Amino acid sequence: VQLQASGGGLVQAGGSLRLSCAASGRSFSRYYMAWFRQAPGKEREFVAATRWSAGITSYADSVKGRFTISRDTAKNSVYLQMNSLKPEDTAVYYCTAGSGRVAASINQWDFYDYWGQGTQVTVSS
């Protein structure tokens, strides 16, 4: 299984970025796809998740109303549209896929089985 994240970069506060995650190697029809992020010196935190087969979405309170997660099943890809970016959004963003074999909640990192390599997002003030 491969999850290839891309689209990170440097942007000014108030700007936008769109992250992409190309998924391959298995069927994800029973999986949730999510984005987590990790800032220097901080723990990895949940950002957003969507169910691959049904488009159900969930967001962290800190990004609700600014970020949108979506998926394109024909392209086997998941996206994170990030608007109104803030300096505190600066982090490495990870794409992940999971079925909840260990944890029950989709906002917990151990719900997820597969992780991509991460893409850096830097928001300048």
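(A) Quick look at the pattern of salt bridges. Summed over all chains, the structure comprises 5 salt bridges. Note that Arg66 and Asp89 form a salt bridge whose closest N and O atoms lie 2.8 Å from each other. Linking Arg66 in the loop between β6 (57-59) and β7 (67-72) with Asp89 in the loop between β8 (77-82) and β9 (91-98), this pair joins segments that are 23 residues apart in sequence. You can call Asp89 buried: its relative accessible area is 1%. Through salt bridges with shared partners, a single ionic network connects Arg37, Glu45, Arg66 and Asp89.

(B) Seen up close, the packing of aromatic side chains. In this structure the tally under the stated criterion is 10 aromatic pairs. With centroids separated by 6.4 Å and ring planes inclined at 75°, the aromatic side chains of Tyr112 and Trp115 adopt a geometry described as edge-to-face. Taken together, the ring pairs connect Tyr32, Phe36, Phe46, Tyr94, Phe111, Tyr112 and Trp115 into an aromatic cluster. Over the face of the ring belonging to Tyr79 we find Arg18, whose NZ or CZ atom lies 4.0 Å from the ring centre. If you follow Arg44 out to its NZ or CZ, it ends over the ring of Tyr94, 4.0 Å from the centre.

(C) Local environment of unusual backbone geometry. The residue Asn76 is not glycine, and still its phi comes out positive at about 50°. Looking at the secondary structure, you find Asn76 in the loop between β7 and β8.

(D) A look at the side chain of Arg66. Its relative accessible area of 11% is what places Arg66 among the buried residues. Of note is the side chain of Arg66, whose polar atom sits 2.9 Å from the backbone oxygen of Ser84. Within the structure, the side chain of Arg66 is placed 2.8 Å from the side chain of Asp89, a separation counted as a polar contact. In this structure Arg66 touches Gln81, Met82, Asn83, Ser84, Leu85, Lys86 and Asp89, once residues within four positions along its chain are discounted.

Thresholds, definitions, all that
Counting restarts for each chain: residues are numbered from 1 in the order of the written sequence. Selection of residues for local features in this predicted model requires a pLDDT of at least 70, selection of side-chain atom pairs for listing and counting requires 80 or more, and totals for whole chains, interfaces and linings are taken over all residues. Side-chain measures were taken over the full set of non-hydrogen atoms in the model, leaving aside hydrogen atoms and water. Salt bridges are counted wherever a side-chain nitrogen of Lys or Arg sits within 4 Å of a carboxyl oxygen of Asp or Glu. In this text, helices come from DSSP runs of H or I with a minimum length of four residues, and strands from runs of E with a minimum of two, each type numbered from the N-terminal end. Relative accessibility under 20% of the residue-type maximum defines a buried residue, over 50% an exposed one, and the middle range a partly exposed one, all with a 1.4 Å probe and only protein chains included. Planes of paired rings set the category: under 30 degrees apart is stacked, over 60 is edge-to-face and the rest tilted, where pairs are Phe, Tyr or Trp rings (Trp by its six-membered ring) whose centres lie within 6.5 Å. Geometrically, a charge over a ring is one whose NZ (Lys) or CZ (Arg) sits within 6 Å of the ring centre while staying within 35 degrees of the ring normal. Whenever a nitrogen or oxygen atom comes within 3.5 Å of another N or O atom, the pair is scored as a polar contact, on the condition that within protein one atom can donate a hydrogen and the other can accept it, and that pairs from neighbouring residues in sequence are kept only if both atoms are in side chains. Contacts are assigned to residue pairs with any non-hydrogen atoms lying within 4.5 Å of each other.

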